[in-house]
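Descriptive analysis of the structure
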Amino acid sequence: MEDKNLSEKESLELITRMIKNTQSKFEMNAGVPFLIFGYLTVIAAVAVWFAVTRTGNPQWNFLWFIIIAIGYPVKMITNRKKVKGVKSFVDGVITKLWIVFGVAAFLVSLDAMFFYNIDNILFIIVLLMGMGTALTGMIIRFSPSIIAGFASIAISFLLLQVEGYDQCLIFAAVFVLMMVIPGHILNCKGKKDVERA
Amino acid sequence: MLKELNPLLHSELRLAIMSILIGVESADFVYLKEETQATSGNLSVQIDKLSTAEYITVEKGFKGKKPKTTCKITNKGKKAFAEYVAVLKSYIKL
């Protein structure tokens, strides 16, 4: 590219191309964080359900910590592969939003595991994560996440009707709906947009 | 009567830089160079021109041991860009 003057039409085309290029770079692999935490949560929920119902030992609940122990390092590694040298407003807002919801969910989980003040932990977690997903969907204007987020908020109340460790299975199913499916759709959309750009 | 297009923005490379910066919080020199396919020298000159006009801010720092130049669009730059697009549209009657 040089320091040459363009015609009006060329100028408009250049603006459109540059904006689209930048946008499509951010859309590539945008669903990865949803997939990391979605799949890990499903695995942890099914593992806890299986282990506790088979052994009767509640110590297996510590398996929930694999979400954080594996999720955050993997997220940090995938962050390094992100578009380098450029920061987007949307990325920054979404990161801050999930820090707030993540910290809230972590503190609620700690309280439920070590101080036993909270009875229906999975209901609260699904409610919080559903809110985070719906908000993320609204910020990035991605309807599957908006729908999945609100559906998860609604389904969270079903967890109040189910007792015992069977809640874990509903919890796993909600995370498939809330994070795994939208994550794959978002990645496919990103790939298509990059190919088109 | 049609308004005159802002000559500072009516150049391929400067317009490309502004079009990238309008959609992001910040972008560094290496990213701008890759996206515009410009030479380092030419890109530096155009960045200086935009910075002198206060359309962008340029922050020079280091990432580890490597120098890093980060560019951000200013409010004045956003306004100039919006006006430029509006005039362009009036030219081609969109």
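Below is a summary of the structure that appears in this document. (Residues numbered from 1 in each chain as written. Chains lettered and ligands numbered in written order. Predicted model: local features only at pLDDT ≥ 70, side-chain atom pairs only at ≥ 80, totals over all residues. Heavy atoms only, no water.)

Side note on the overall build of chain A
Worth spelling out the cut-off: Under the DSSP-based scheme used, a helix requires at least four consecutive residues in state H or I and a strand at least two consecutive residues in state E, with every element numbered from the N terminus. The cut-offs for exposure are 20% and 50% of the maximum accessible area for each residue type, with area from a 1.4 Å probe on protein chains only; residues under the lower value are buried, those over the upper are exposed, and the others partly exposed. All accessible areas in this document rest on Shrake-Rupley with a 1.4 Å probe, and a residue is counted as covered only by the protein chains that are shown. Counted as positive: Lys and Arg. Counted as negative: Asp and Glu. His and the chain ends are not counted at all. We put the charge of a Lys on NZ, of an Arg on CZ, of an Asp on CG and of a Glu on CD.
Along chain A, the regular secondary structure elements total seven helices and one strand. Traced from its N-terminal end to its C-terminal end, chain A shows the element sequence α-α-α-β-α-α-α-α. A buried classification covers 39% of the 197 residues belonging to chain A. Approximately 11,200 Å² of chain A is accessible, and the part contributed by carbon and sulfur atoms is 67%. If the 18 positive side-chain charges of chain A are averaged to one point and the 13 negative ones to another, these points end up 5 Å apart.

Digging into a nonpolar patch on the surface
Residue and element names in this part refer to chain A. Rule in force here: Patches draw on residues past 30% relative accessible area with no salt bridge. Two like charges within 9 Å are joined, as are two nonpolar side chains (Val, Leu, Ile, Met, Phe, Trp, Tyr) within 5 Å. Whenever Lys or Arg places a side-chain nitrogen within 4 Å of a carboxyl oxygen from Asp or Glu, that contact is recorded as a salt bridge.
On the surface, Ile68, Tyr72, Ile99, Val103, Phe106 and Leu107 cluster together to form a nonpolar patch covering roughly 540 Å² of accessible area. Among the elements of the structure, helix 3 (66-80) and helix 4 (89-114) are those that each provide at least two residues to the nonpolar patch. Per-element tally for the nonpolar patch: the top contributor is helix 4, with four residues.

Observations concerning the environment of lysine 72 of chain B
Residues and elements named next belong to chain B. Inclusion rule: Working rule for contacts: check all heavy atoms of both residues, and any pair within 4.5 Å makes them a contact.
Along the polypeptide, lysine 72 turns up in strand 3 (residues 66-73). Spatially, the C-alpha atom of lysine 72 lies 23 Å from that of leucine 88, the residues being 16 residues apart in sequence. Apart from the residues within four sequence positions on either side, lysine 72 is in contact with Leu21, Glu25, Ser26, Tyr55, Ile56 and Thr57.

Describing the interface of chain B and chain A
What counts here: Each of two parts loses accessible area, computed with a 1.4 Å probe, when they are put together; buried area is these two losses added. Polarity classes work like this: nonpolar for Ala, Val, Leu, Ile, Met, Phe, Trp, Tyr, Cys and Pro, charged for Asp, Glu, Lys and Arg, and polar for all others, with Gly in that last group. Two strands pair under a simple rule: DSSP has to find at least two bridges between them.
The partner chain A presents 25 residues to the 32 residues of chain B that form the contact. Counting each side, the surface lost to burial between chain B and chain A is near 2,500 Å², with a carbon and sulfur contribution of 62%. Interface area lost by chain B to chain A is led by Glu12, Glu25 and Tyr31 of chain B, which between them contribute 26%. In this structure, lysine 25 of chain A engages glutamate 35 of chain B in a salt bridge whose closest nitrogen and oxygen atoms are separated by 2.5 Å. When contributions to the side of chain B that touches chain A are tallied by element, the ones reaching two or more residues are helix 1 (12-21), strand 1 (26-28), helix 2 (29-36), helix 3 (40-52) and helix 4 (75-91) of chain B. The dominant element in the side of chain B that touches chain A, judged by the number of residues it contributes, is helix 1 of chain B, at seven residues. Of the residues in the side of chain B that touches chain A, the class split is 17 nonpolar, nine polar and six charged. Bridging between strand 1 (residues 86-87) of chain A and strand 1 of chain B involves two bridges; their strand directions are antiparallel. Residue pairing across strands places valine 86 of chain A opposite alanine 27 of chain B, the latter belonging to strand 1 of chain B.

Points about the pairing of strand 2 (residues 56-63) of chain B
Residues and elements named next belong to chain B. Judged from the eight bridges that link them, strand 2 and strand 3 form a sheet pairing that is antiparallel. Within strand 3, the position partnered with lysine 60 by the bridge is threonine 69. Two successive antiparallel strands, strand 2 and strand 3, enclose a turn made up of two residues, where glycine 64 displays a positive phi of approximately 70°.

Digging into the side chain of serine 24 of chain A
Residue and element names in this part refer to chain A. Filter applied, for reference: N or O atoms within 3.5 Å of each other form a polar contact, as long as, within protein, one can give a hydrogen and the other can take it, and as long as residues adjacent in sequence are counted only when both atoms are side-chain atoms.
With respect to the helices and strands, the residue serine 24 is situated in helix 1 (residues 8-27). Taking relative accessible area as the criterion, serine 24 reaches 6% and is therefore assigned buried. Within the structure, serine 24 has its side chain in polar contact with the backbone oxygen of asparagine 21 (distance 2.9 Å).

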